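Tertiary structure, described
The residues making up each chain are set out below.
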2 protein chains.
Amino acid sequence: MLKTSKTRPFPTIPNPTDRVRVVRKIDGMAGIARELKRSGKRIGLVPTMGFLHEGHLSLMKCARPKCDILIVSIYVNPTQFSPGEDLSGYPRDFERDEALCERVGVDIIFYPPDTEMYPDGFQTEVSVKELSRNLCGKSRPTHFDGVTTVVAKLFNIVLPDIAVFGRKDAQQAAIIRRMVLDMNFPVEIIVSPIVREPDGLAMSSRNKYLSTEERRAAPVLHESLRMAKSAIESGKYAFPGPVIEMMKDRIIGSGPFEIDYIEIVNPDDLSTVEKFESGGEVLIALAVKIGGTRLIDNIEIGT
Amino acid sequence: MLKTSKTRPFPTIPNPTDRVRVVRKIDGMAGIARELKRSGKRIGLVPTMGFLHEGHLSLMKCARPKCDILIVSIYVNPTQFSPGEDLSGYPRDFERDEALCERVGVDIIFYPPDTEMYPDGFQTEVSVKELSRNLCGKSRPTHFDGVTTVVAKLFNIVLPDIAVFGRKDAQQAAIIRRMVLDMNFPVEIIVSPIVREPDGLAMSSRNKYLSTEERRAAPVLHESLRMAKSAIESGKYAFPGPVIEMMKDRIIGSGPFEIDYIEIVNPDDLSTVEKFESGGEVLIALAVKIGGTRLIDNIEIGT
């Protein structure tokens, strides 16, 4: 079900002249991008795996006023899934995605097939070494190499001036920022806030996998983060350990959850926070399995 | 000693208005590149490690008529040297390089310090997996990852339309081509022929390391390649094995050489050639140590 934004309502009748253009070939997309750059246009990119929700749309709305041409990529990137993960079952609905993109004023959807993105003989990898190895990288060791490789490809094809990523994937955002810095990509990275359901659950295409019961229990992830935020801001805790234990108890006590990790880290380099320092910033990030579904969430806190 | 080209003599009095511009900061270079692209200029890049010889100059002369602005990077990239290799002793002479660049009409030298290229926290790597592992990759396992990482950085900073590499580093050229294809860099790669000394030795900054005696013996590398070319073109050999043995005998018999490898491979994917097929192309590539100096050379042959 589509939820409309209150601040910027979707037009009910799309203007045919504003129809979003769908490009499937890399050469076609690259040619358009070069032409746009030559004519001085500012390109914005929102990379997605499709099955769009309000979180994705918020990234597009964030990008829209910052660029002349807004390009959304929709590509379920196989190299960021490990064997046994949900690649084949990952939810897809291109027609719905296309309609949603049109409503928020996307100009071009880049929607390449796998044969375009990973032709025979493909063998190059872009890897952000340390940042990709902790947090989600522990249980998904090749995931972020897949992400950085495909995002680097998208940057080279789409030639964006700005690219917008969601804060829900906080580690991904930190890794992309590091890649852009290290590799000197001429792209400004913008990280846009998490969009949540009314009960606090962070929006995710994977929420679709949850049973009614799991869905009912899932908001405890955000609740535990808010509880930790209050606890840290109260100044009663000098060390992360007890805060993490409190969160674990809260989550485990609320249903059939299996905690992958709960960590309190520096938001830039994702290094473990040993002690809360006054005036700093910390990121609490978690990944928790509910049934077969792995959900992530996080919160940034000033200490 | 500087050898002038007969086909395009160097002007003896450089025109002060044609002085090459030296840029040391990444932000400065990136800003210039963006401005050049915005004004529709075609940028050519010749990446080098400096200590320029006729081989490098031939790359610049190849690039010059193909672009509006010719940029040469001079950077002894530490990440492509392994511990124990000749990084600290690698020959450098920036003033001479600058004069040579000026004489062949280079517009900009990008000459960054290490602190610009690899700032604190740097941790990203671009790797062309299979192609980087054979030939030179066997004895220098991290070398090509260093090359592809720095070349990807240079592409993002300089934004070239074309980039020219030398055929002497045939494996490097194949790897860069693969990287550009896989990562969708909007750059055309041109590979320019090997430039040789009158006695056949391929030009290399490392030739400087050779003693008089070693220098006198070194042309046997090229002689062995030419001998193999004649043998293969004669049609008398169906399999590479005997040709390689013949080359080894010739080289070993000529002085204190230590053969790292001699291989006959497909020039595109560097896969080992099992049997000579009529109408194909093969690359014979070798790396040989003379004293402490490791030299490479190669030849392409139609079969």
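Keep in mind the model is a prediction, meaning the values are calculated, not measured. (Residues numbered from 1 in each chain as written. Chains lettered and ligands numbered in written order. Predicted model: local features only at pLDDT ≥ 70, side-chain atom pairs only at ≥ 80, totals over all residues. Heavy atoms only, no water.)

Once that is clear, we can look at the overall build of chain A. Within chain A one finds 10 helices and 10 strands. Taking 303 residues into account, the globule formula puts the C-alpha radius of gyration at 19 Å, and chain A, at 20 Å, falls close to it. In terms of overall dimensions, chain A has a C-alpha envelope of 55 × 40 × 40 Å along the principal axes. Accessible area for chain A stands at about 13400 Å²; split by element, carbon and sulfur atoms hold 51% of it. Of the charged side chains in chain A, 40 are positive and 41 negative, and the gap between their average positions amounts to 4 Å. (Helix = DSSP H or I, 4+ residues; strand = E, 2+ residues; numbered from the N terminus. Rg over C-alpha atoms; globule rule 2.2 N^0.38 Å. Areas by Shrake-Rupley, 256 points an atom, 1.4 Å probe, with all protein chains shown as cover. Lys, Arg positive; Asp, Glu negative; His and termini not counted. Charge placed at Lys NZ, Arg CZ, Asp CG, Glu CD.)

Turning to helix H9 (residues 220–233) of chain A, a few remarks are in order. All names here are of chain A. Taking 1.5 Å of rise per residue, 14 residues should cover 20 Å, and H9 covers 20 Å from first to last C-alpha, within 8% of that figure. Inspection of H9 places Val-220, Leu-221, His-222, Ser-224, Leu-225, Ala-228, Ala-231 and Ile-232 among the buried residues, and these make up the whole buried set. Elements that come into contact with the buried residues of H9 comprise helix H8 (212–217), helix H10 (240–252), strand S8 (257–265), strand S9 (281–290) and strand S10 (293–302). Where H9 terminates, the next one or two residues include Gly-235, which has phi positive at roughly 80°. (Expected span 1.5 Å × (residues − 1). Buried < 20%, exposed > 50% of the residue type's maximum accessible area, 1.4 Å probe, protein only. Contact = heavy atoms within 4.5 Å.)

As a further point, take the relation of the copies chain A and chain B. For these two chains of identical sequence, chain A goes onto chain B by a turn of 180° and a shift of 0.0 Å along the axis, with RMSD 0.0 Å. When the rotation and shift are considered jointly, the pair of chain copies conforms to a two-fold rotation axis. In terms of proximity to the rotation axis, the leading residue of chain A is Val-126 of chain A, whose C-alpha is 2.2 Å off the axis. Of the residues that chain A buries at the interface, 100% are likewise interface residues in chain B, meaning the two copies contact each other through the same surface. (Least-squares fit on C-alpha atoms with pLDDT ≥ 70 in both.)

Residues and elements named next belong to chain B. Strands sit in the order S8-S9-S10 across an open sheet of 3 strands; the sheet is antiparallel. This sheet does not close on itself; its edge strands, each paired only once, are strand S8 (257–265) and strand S10 (293–302). The average angle at which neighbouring strand axes cross in this sheet is 15°, direction not considered. Note that strand S9 (residues 281–290) and S10 share 10 bridges and pair antiparallel. Paired with Leu-283 across the two strands is Glu-300, which belongs to S10. Its contacts with the sheet put helix H10 (residues 240–252) on S8 and S9, and the angle it makes with S8 is roughly 155°. (Pairing = 2+ DSSP bridges. Axes fitted to C-alpha atoms, helices over the stretch in contact; angles between N-to-C directions.)

A separate point is the environment of Asn-134 of chain B. Residue and element names in this part refer to chain B. Its location among the elements puts Asn-134 in the loop between strand S5 (124–128) and helix H5 (136–139). It is 7.9 Å that separates the C-alpha atoms of Asn-134 and Leu-270, two residues lying 136 residues apart in sequence. A distance of 3.1 Å separates a polar side-chain atom of Asn-134 from the backbone oxygen of Leu-270. (Polar contact = N/O pair within 3.5 Å; in protein donor to acceptor, adjacent residues only side chain to side chain.)

Time to look at the domain arrangement of chain A. All names here are of chain A. Each assigned domain of chain A is listed with its residue range as follows: domain 1 (21–192) and domain 2 (205–298). Taken residue by residue, the interface counts 22 residues in domain 1 and 17 residues in domain 2. Here domain 1 and domain 2 share an interface that buries about 1600 Å² over both sides, 54% of which is from carbon and sulfur atoms. Of all residues in domain 1, the largest losses of buried area upon contact with domain 2 belong to Leu-135, Cys-136 and Lys-168, amounting jointly to 32% of the total for that side. Lys-138 is paired through a salt bridge with Glu-263; the nearest N and O atoms lie 3.0 Å apart. Counting the contacts that link domain 1 with domain 2 gives 9 residue pairs in polar contact (both at pLDDT 80 or more). Its residues assigned to classes, the side of domain 1 that touches domain 2 comprises 9 nonpolar, 7 polar and 6 charged. (Domains from an automatic or database assignment. Buried area = accessible area lost by both parts, 1.4 Å probe. Salt bridge = Lys/Arg side-chain N within 4 Å of Asp/Glu carboxyl O. Nonpolar A, V, L, I, M, F, W, Y, C, P; charged D, E, K, R; others polar.)

Before going further, it helps to spend a moment on the sheet that holds S8 of chain A. Neighbouring strands of a sheet are bound in pairs by backbone hydrogen bonds; such pairs are parallel or else antiparallel. Residues and elements named next belong to chain A. Reading across the sheet, the 3 strands line up as S8-S9-S10 and stay open at both edges, with antiparallel pairing between neighbours. Looking along the sheet, the strands with just one partner apiece sit at the ends: S8 and S10. Across this sheet, the average inter-strand angle for adjacent strands is 15°, counted without regard to direction. Strands in contact with H9 are S8, S9 and S10; relative to S10, the strand with the most contacts, it is inclined by about 20°.

Looking now at the interface of chain A and chain B. Tallying the contact residues gives 28 residues for chain A and 28 residues for chain B. Summed over the shared surface of chain A and chain B, the number is 2 salt bridges. With its nearest N and O atoms 3.5 Å apart, the salt bridge here joins Glu-125 of chain A to Lys-129 of chain B. Inspection of the chain A/chain B interface yields 24 residue pairs in polar contact (both at pLDDT 80 or more). Of all the elements in the fold, those that place two or more residues in the side of chain A that touches chain B are helix H1 (26–38), strand S5 (124–128), helix H6 (143–158) and helix H7 (170–183) of chain A. Tallied by class, residues from the side of chain A that touches chain B come to 12 nonpolar, 7 polar and 9 charged.

The next subject is unusual backbone geometry. Residues and elements named next belong to chain B. Even without being a glycine, Leu-159 presents a positive backbone phi close to 50°. Among the secondary structure elements, Leu-159 is positioned in the loop between helix H6 (143–158) and strand S6 (162–166). Its identity is not glycine, yet Leu-270 carries a phi of approximately 60°, on the positive side. You can see Leu-270 is positioned in the loop between S8 and S9. Classification of Leu-270 as buried rests on a relative accessible area of 1%.

The subject of this paragraph is the packing of aromatic side chains. Within a pair of aromatic rings, the relevant descriptors are the distance that separates the centres and the angle that separates the planes. In the structure shown here, the tally under the stated rule is 10 aromatic pairs over all chains. Ring centres of Tyr-75 of chain A and Tyr-118 of chain A lie 6.4 Å apart, and the angle between their planes is 35°; on these two criteria the pair is classed as tilted. With Tyr-75 of chain A in the loop between strand S3 (69–74) and helix H3 (94–103) and Tyr-118 of chain A in the loop between helix H4 (114–117) and S5, this residue pair connects regions lying 43 residues apart in the sequence. Per residue, the accessibility class of Tyr-75 of chain A equals that of Tyr-118 of chain A, and both read buried. Ring pairing ties together the aromatic residues Tyr-75, Tyr-118 and Phe-122 of chain A, which thus form one cluster. Lys-275 of chain A extends its terminal NZ or CZ atom over the ring of Phe-239 of chain A, reaching a point 5.6 Å from the ring centre. Across the ring face of Phe-51 of chain B, the terminal group of Arg-96 of chain B is positioned such that the distance to the ring centre comes to 5.7 Å. (Phe/Tyr/Trp six-rings, centres within 6.5 Å; stacked < 30°, edge-to-face > 60°. Lys NZ or Arg CZ within 6 Å of the ring centre and 35° of its normal.)

Residues and elements named next belong to chain B. A full pass over the atoms with the stated rule returns 40 salt bridges over all chains. For Arg-167, the salt bridge is made with Glu-300, and the minimal N-O distance between the two is 2.7 Å. Taken together, the residues span a long stretch of sequence, with Arg-167 in the loop between S6 and helix H7 (170–183) and Glu-300 in strand S10 at a distance of 133 residues. Residue classification places Arg-167 among the partly exposed positions, given a relative accessible area of 29%.

Let's shift gears to H7 of chain B. Residue and element names in this part refer to chain B. If you check H7, its first and last C-alpha atoms are 20 Å apart, about what 14 residues at 1.5 Å a residue would give, namely 20 Å. Among all positions of H7, only Ala-170, Gln-171, Gln-172, Ala-173, Ala-174, Ile-175, Ile-176, Arg-178, Met-179, Val-180, Asp-182 and Met-183 are buried. Within two residues after H7, Asn-184 carries a phi angle of roughly 60°, on the positive side.

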